[in-house]
Amino acid sequence: MEEAVRAQEAAMEIQDLNVWYGTAHAISNVTMPFREHQVTALIGPSGCGKSTLIRCLNRLNDLIDGARIEGRMCLYGQDLYDPNLDVSALRKRVGMVFQKPNPFPKSVYENVAYGLRVNGERSRRVIDEVVERSLKQAALWDEVRDRLHKNALGLSGGQQQRLCIARTLAVGPEVLLLDEPCSALDPIATGKIEELLYTLKARYTIVIVTHNMQQAARVSDVAGFLLMGELVEFDQTETMFTNPTDKRTEAYITGRFG
């Protein structure tokens, strides 16, 4: 692994992570850091464990019957599986955006304000400020400022996905997880999301799962290649894509399987 990958502080780290769904061993002995203000891409063929891994980072796998997790995962040194940890508070700090846009059947404004209201914020001034700031951070404000009180389901797919990002940002996360966020979007909407990630990493640590090799090459600083639940290679993206150390990585990146 390049020294530059190690240089920045890790916002999150996983060590010897193993995950089972019943008897199926989905993740095997994975260790990797997620560095501050970097985009880390998780790549690999379908079923290799990418989504399972990312869901461990904010404990969404807790919701799956039969899931068993071993290993150590930390957010700035705090054990994510400490029995005293408030999981709801963790999910504020480690936000998640899913594969398909999933706005609530509410107004654009209320979608972004939702998390603030749930967490007890009552000041209209504060909510107004956070809604505007979050929509600006998600590069959506100029497109929706005149339709804040219209139903979010009337937005395009790409706008809905950026709204979901704004909704996640509104509660003040430190880490942003994105699980195939562009797979349901057209190329123009995908380009807007990719541009957005470039600006967001100045404020947040970002982990993205993608099956799109070109996207991983464009948006990420470092990348991890997973195969059958194992981390085959983890390095700076440019190095991995131009000079991979493992033949399996080269075969996947060049399209010989996957």
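Here the structure is a predicted model, which means the values were calculated and not measured.

The complete set of buried residues in helix H4 (residues 108-118) reads Val108, Tyr109, Asn111, Val112, Ala113, Gly115 and Leu116. Packing partners of the buried residues in H4 comprise helix H5 (124-137), helix H6 (141-144) and helix H7 (157-169). In the segment just after H4, glycine 120 is the residue with positive phi, at about 95°.

What follows is about the pairing of strand S2 (residues 24-35). Pairing of strand S1 (residues 10-21) with S2 involves 8 bridges; the strand directions are antiparallel. Bridging from a neighbouring strand, isoleucine 14 pairs with methionine 32 of S2.

Right, let's get into the pairing of strand S6 (residues 94-97). In S6, alternate side chains face the same way, and those of Val94 and Met96 on one face and Gly95 and Val97 on the other are all buried. Bridge analysis of S6 against strand S7 (residues 175-179) gives 4 bridges, and the strand direction is parallel. Across the sheet, valine 97 pairs through a bridge with leucine 178, a residue of S7.

Another aspect to go through is the environment of phenylalanine 98. Topologically, phenylalanine 98 is positioned in the loop between S6 and H4. For the pair phenylalanine 98 and proline 181, spaced 83 residues apart in sequence, the C-alpha separation works out to 5.9 Å. If sequence neighbours within four positions are ignored, phenylalanine 98 has contacts with Arg55, Leu60, Gln161, Asp179 and Pro181.

In this structure, the largest pocket encloses a volume near 620 Å³. The wall of the largest pocket is formed by 22 residues, among which Arg91, Lys92, Met96, Thr168 and Val171 lie closest to the centre. Among the elements of the structure, helix H3 (87-93), S6, H4 and H7 are those that each provide at least two residues to the lining of the largest pocket. Here the residues of the lining of the largest pocket sort into 12 nonpolar, 7 polar and 3 charged.

Rules behind the numbers
- Residues numbered from 1 in each chain as written.
- Predicted model: local features only at pLDDT ≥ 70, side-chain atom pairs only at ≥ 80, totals over all residues.
- Heavy atoms only, no water.
- Buried < 20%, exposed > 50% of the residue type's maximum accessible area, 1.4 Å probe, protein only.
- Helix = DSSP H or I, 4+ residues; strand = E, 2+ residues; numbered from the N terminus.
- Contact = heavy atoms within 4.5 Å.
- Pairing = 2+ DSSP bridges.
- 1 Å grid on protein atoms, 1.4 Å probe; cavity = no way out; pocket = protein on both sides within 12 Å on 5 of 7 lines; lining within 4 Å.
- Points joined across faces, edges and corners; volume = space filled by probe spheres on them.
- Nonpolar A, V, L, I, M, F, W, Y, C, P; charged D, E, K, R; others polar.

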